[in-house]
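# An overview of the molecular structure
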Number of protein chains: 2
Amino acid sequence: MGLDEKLLNEYWTDIYFLLHYPHKEKVTHQVIRIMQLIEKKETVGIGDVAEYFGISHNTASEHVKRIIEKGFLVKNRDKADERKVILALTTFGQKVLQRNTSLDGEKLKQVLAGMTEEERQHIESAFQLLRERSIDVCSV
Amino acid sequence: MGLDEKLLNEYWTDIYFLLHYPHKEKVTHQVIRIMQLIEKKETVGIGDVAEYFGISHNTASEHVKRIIEKGFLVKNRDKADERKVILALTTFGQKVLQRNTSLDGEKLKQVLAGMTEEERQHIESAFQLLRERSIDVCSV
DNA sequence: AAGATTATATCTTATATAACGATATAAAAC
DNA sequence: GTTTTATATCGTTATATAAGATATAATCTT
């Protein structure tokens, strides 16, 4: 019996626990998830946020308002349809998101530095493969 | 130039974004982080929570109280030193934590099912290696 | 052009969370 | 028997979360 989803998840959560950033900012879960959606999807507006999280449009609007007040997001109006808002992360917002979802850059650098070129190649192709197949399966 | 920490983080966050569970529970960020600490470390008490997150002991105590009220945690007293509390996740708490930090089991199963045994082996050894080296670097 | 629809914003209200200082308790150490 | 350690509780303050009701402003329909 080879790799199953349980074992892979154990690796996954262990690695995150070991390498995550020390969380400084007091950012809530919702805020991070909204920023993550905006970073990973093309054009995201208020309605998309509401739909994705199953909350009402006014709640989504207030979330976005608060996130903008913190300086993590900016609003742009859609040129083609001025009713629509297009949300984008500020550079500061990108940093905050990174510190809350990525692996700690410095620690990761150290880990990679301690590897041979072959090992790094091995890891790269594994992650690349897992991402590719994930895209195939989650064709949303 | 091979794999650097930026590229690996791109893979990492993409995979998480694609494969994460649809977040149902309204759990806050702090709650998840505290549960994660309790799951991954040996014996965790109130003081450990306070120290790890840089909050006061009373705040930590209240956090834990609320988490227990939700049914995610249980408190046990240390037999050797009855002042000390030893925190443990309930099965429900484990499920909630899983849904908020792991990759979605069903989606992951599908992804793995679409792979050859060789590919799975490749991914397993890559994750195993990354975890091992992370433990070495983060000798906390 | 008038009315309907769509996308977002604001106001109000209710509840939950986060954090801390001050204080209390109870076990263990000295 | 006092001090220290580990945790708990109370009171308070600030902020976050969520939604209903309502408003605005652009676009679509006829």
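As a starting point, this report considers the structure included with it. (Residues numbered from 1 in each chain as written. Chains lettered and ligands numbered in written order. Predicted model: local features only at pLDDT ≥ 70, side-chain atom pairs only at ≥ 80, totals over all residues. Heavy atoms only, no water.)

## Looking at the pattern of salt bridges
Going through the model one piece at a time under the given rule, you end up with 12 salt bridges over all chains. Across the pair E119 of chain B and R133 of chain A runs a salt bridge, and its minimum N-O distance is 2.9 Å. With E119 of chain B in helix 7 (residues 117-137) and R133 of chain A in helix 7 (residues 117-137), this residue pair bridges two chains. With a closest N to O distance of 2.9 Å, D81 of chain B and R83 of chain B form a salt bridge. Among the charged side chains, a network of salt bridges with common partners joins D14 of chain A together with K40 and R131 of chain B. (Salt bridge = Lys/Arg side-chain N within 4 Å of Asp/Glu carboxyl O. Helix = DSSP H or I, 4+ residues; strand = E, 2+ residues; numbered from the N terminus.)

## Description of the layout of surface pockets
Considered as a void within the structure, the largest pocket measures approximately 880 Å³ in volume. Considering the residues around the largest pocket, the lining is formed by 37 residues, among which H20 and H23 of chain A together with R33, Y52 and F53 of chain B are closest to the centre. Counting only elements with at least two residues in the lining of the largest pocket, the list comes to helix 1 (5-19) and helix 2 (29-40) of chain A together with helix 2 (29-40) and helix 3 (46-53) of chain B. Top element by residues in the lining of the largest pocket is helix 2 of chain B. It accounts for four residues. (1 Å grid on protein atoms, 1.4 Å probe; cavity = no way out; pocket = protein on both sides within 12 Å on 5 of 7 lines; lining within 4 Å. Points joined across faces, edges and corners; volume = space filled by probe spheres on them.)

## Examining the environment of V85 of chain A
All names here are of chain A. You can see V85 is positioned in strand 2 (residues 85-89). For the pair V85 and V44, spaced 41 residues apart in sequence, the C-alpha to C-alpha distance is 7.8 Å. Those residues in contact with V85 that lie beyond four places of it in its chain are V44, G45, I46, K75, N76 and R77. (Contact = heavy atoms within 4.5 Å.)

## Comments concerning the packing of aromatic side chains
Per the stated rule, a full pass over the model turns up 10 aromatic pairs over all chains. A ring pair is formed by W12 of chain A and W12 of chain B, whose centres lie 3.6 Å apart and whose planes are at 0 degrees; its orientation type is stacked. Of this pair, W12 of chain A sits in helix 1 while W12 of chain B sits in helix 1 (residues 5-19), each in a different chain. For the pair shown, W12 of chain A and W12 of chain B are each scored as buried. Ring centres of F72 of chain A and F92 of chain A lie 5.2 Å apart, and the angle between their planes is 65 degrees; this geometry places the pair in the edge-to-face category. You can see F72 of chain A sitting in the loop between helix 4 (57-69) and strand 1 (73-77) and its partner F92 of chain A sitting in helix 5 (residues 91-101), a full 20 residues away along the chain. (Phe/Tyr/Trp six-rings, centres within 6.5 Å; stacked < 30°, edge-to-face > 60°. Buried < 20%, exposed > 50% of the residue type's maximum accessible area, 1.4 Å probe, protein only.)

## Some thoughts on the protein's contact with DNA strand D
Contacts to DNA strand D come from 28 residues, most closely from T28, Q30 and N58 of chain A together with K26 and K75 of chain B. In DNA strand D, atoms within 4 Å of the protein come from the sugar-phosphate backbone in 60% of cases. Side-chain polar atom of T59 of chain A to a base nitrogen of DNA strand D: 3.3 Å apart, as the coordinates give it. Within the backbone of E82 of chain A, an N or O atom sits 3.0 Å from a phosphate oxygen of DNA strand D. Of all the secondary structure elements, the ones that give two or more residues to the surface near DNA strand D are helix 4 of chain A together with helix 3, helix 4 (57-69) and strand 1 (73-77) of chain B. In the surface near DNA strand D, the residues fall into four nonpolar, 11 polar and 13 charged. (Near = heavy atom within 4 Å. Polar contact = N/O pair within 3.5 Å; in protein donor to acceptor, adjacent residues only side chain to side chain. Nonpolar A, V, L, I, M, F, W, Y, C, P; charged D, E, K, R; others polar.)

Geometric descriptors of this kind do not, in isolation, establish any biological role.
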